[in-house]
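# Overview (structure and organization)
As a plain string of letters, each chain reads:
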Amino acid sequence: MAARIASGKPTKPREATAAALRPRLRALRAAMSATERAAADARIAGLLQGRIHDYLAAAPRGGRRVVLSAFWPIGDEPDLRPALRAWARDDRLELALPVILTKAAPLEFRAWTPDTPMAPGAYGIPEPQSTGPRTPDIVLVPTLGYTVDGDRIGYGGGYYDRTLAALRQGGHETLALGIAYACGRLAPDVHVPEPHDMRLDAIITEEGCIPGPHTTDQGARPATP
Ligand SMILES: Nc1nc2c(c(=O)[nH]1)N(C=O)[C@@H](CNc1ccc(C(=O)N[C@@H](CCC(=O)O)C(=O)O)cc1)CN2
Ligand SMILES: Nc1ncnc2c1ncn2[C@@H]1O[C@H](COP(=O)(O)OP(=O)(O)OP(=O)(O)O)[C@@H](O)[C@H]1O
């Protein structure tokens with residue numbers, strides 16, 4: 001079982017700001033071995049595959065492709081690129097990746113296939129050199145820390161909060177799935193969300209989906225606390 005930042009006992013509420021928690025969360029993630037990481041990535045991709053399958057089965061699409069926004073991994077983030085290459089072959093899906101056009105603004109999403117040229121954008125993150133914004137139906141949200149309530153800590157740019165707020169304000173129904181390693185779990189009394197923080201619909205880690213089980217992957221172990 002991965003080390004966790006949990007509340008102490010007796011359970012006296014210990015609120016901490018996201019800024020204070022980030023270095024500890026990064027250190028926990030960096031401590032994972034390459035073997036652990038590879039196994040966790042494969043597990044996350046399998047669980048995600050189940051969620052996407054359920055979504056495609058349930059959502060009326062009217063012949064339209066479901067736009068799935070993923071992310072290009074940076075640092076110690078889960079690497080879903082092998083799965084992305086496989087999903088790119090599914091003609092019910094269109095894959096997209098985030099692009100930072102303006103700092104401190106919502107992200108834009110651009111179409112991606114394994115043939116799309118990539119070039120470093122803001123913060124040096126590789127971005128697809130394709131045109132035309134895509135409006136995602138499903139957003140995979142890179143997540144450093146999370147609670148079982150769906151509250152999230154990212155890198156502190158506020159990009160996904162702004163983006164999800166803009167999509168939801170625009171009336172677009174977007175399924176926001178946090179992608180994290182299990183070691184990012186925080187007790188709800190450790191991290192208290194701020195008003196701008198957008199809740200995730202679910203969080204997928206190598207230990208399962210929260211809330212779960214919402215998956216066709218029968219091997220899933222629920223990650224309840
Ligand atoms: N893979 C991936 N892509 C993503 C995100 C992400 O979390 N992961 N983002 C999610 O929002 C956006 C980029 N967000 C970012 C927000 C802040 C910083 C940042 O402050 N970087 C520091 C260095 C941080 C460090 O390495 O310790 C800097 O450049 O000074 C970087 C990216 C869009 N693309
Ligand atoms: N909807 C919003 N509108 C305007 N500013 C926002 C909004 N959401 C977040 N912010 C700003 O972004 C800053 C960083 O937010 P937060 O610490 O929650 O980032 P994060 O979710 O960890 O980052 P990221 O999504 O980039 O990984 C906040 O201090 C806030 O000022």
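Residues numbered from 1 in each chain as written. Chains lettered and ligands numbered in written order. Predicted model: local features only at pLDDT ≥ 70, side-chain atom pairs only at ≥ 80, totals over all residues.

Per an unreviewed UniProt entry, the protein carries the name 5-formyltetrahydrofolate cyclo-ligase and comes from Pigmentiphaga kullae. As its UniProt record puts it under Cofactor (unreviewed entry), the protein is described as follows: "Mg(2+)". (UniProt positions renumbered as here; feature names shortened; annotations may be inferred.)

### Some details on the site of ligand 2
The environment of ligand 2 is made up of 14 residues, and the closest members are Gly-154, Gly-157, Gly-158, Tyr-160 and Asp-161. Partitioning the shell around ligand 2 into residue classes produces 6 nonpolar, 5 polar and 3 charged. (Near = placed C-beta within 6 Å. Nonpolar A, V, L, I, M, F, W, Y, C, P; charged D, E, K, R; others polar.)

### A few points about the UniProt feature "binding site: substrate" (unreviewed entry) in the protein
Mapped onto the present numbering, the UniProt feature "binding site: substrate" (unreviewed entry) falls at Glu-77. As for its placement among the helices and strands, Glu-77 is situated in the loop between strand S1 (66-69) and helix H3 (81-87). You can call Glu-77 partly exposed: it has 19 C-beta atoms within 10 Å. (Helix = DSSP H or I, 4+ residues; strand = E, 2+ residues; numbered from the N terminus. Buried ≥ 20, exposed ≤ 12 C-beta atoms within 10 Å, placed from the backbone.)

### So, the UniProt feature "binding site: ATP" (unreviewed entry) in the protein
Under the local residue numbering, the UniProt record ascribes the feature "binding site: ATP" (unreviewed entry) to Arg-152, Ile-153, Gly-154, Tyr-155, Gly-156, Gly-157, Gly-158, Tyr-159 and Tyr-160. With near-sequence residues (within four places) excluded, Gly-154 lies in contact with Pro-142, Thr-143, Leu-144 and Tyr-160. As for its placement among the helices and strands, Tyr-159 is situated in helix H4 (residues 159-169). (Contact = placed C-beta atoms within 7 Å.)

### So, the environment of Ala-180
Here Ala-180 shows up in the loop between strand S9 (175-179) and strand S10 (202-205). In the structure, Ala-180 is positioned 25 residues away from Thr-205 in sequence and 5.2 Å away in space, judged by C-alpha atoms.

### With respect to the sheet that holds strand S2 (residues 93-99)
The 7 strands lie next to each other as S3-S2-S1-S6-S9-S10-S11, forming an open sheet whose pairing is mixed. Of all strands in the sheet, those bounded by a partner on one side alone are strand S3 (108-111) and strand S11 (208-210). On average, each strand axis in the sheet is tilted by 30 degrees relative to the strand beside it, whichever way the strands run. Here strand S6 (residues 138-142) pairs with S9 via 5 bridges, running parallel. Pairing of Leu-140 across the sheet is with Leu-177, part of S9. (Pairing = 2+ DSSP bridges. Axes fitted to C-alpha atoms, helices over the stretch in contact; angles between N-to-C directions.)

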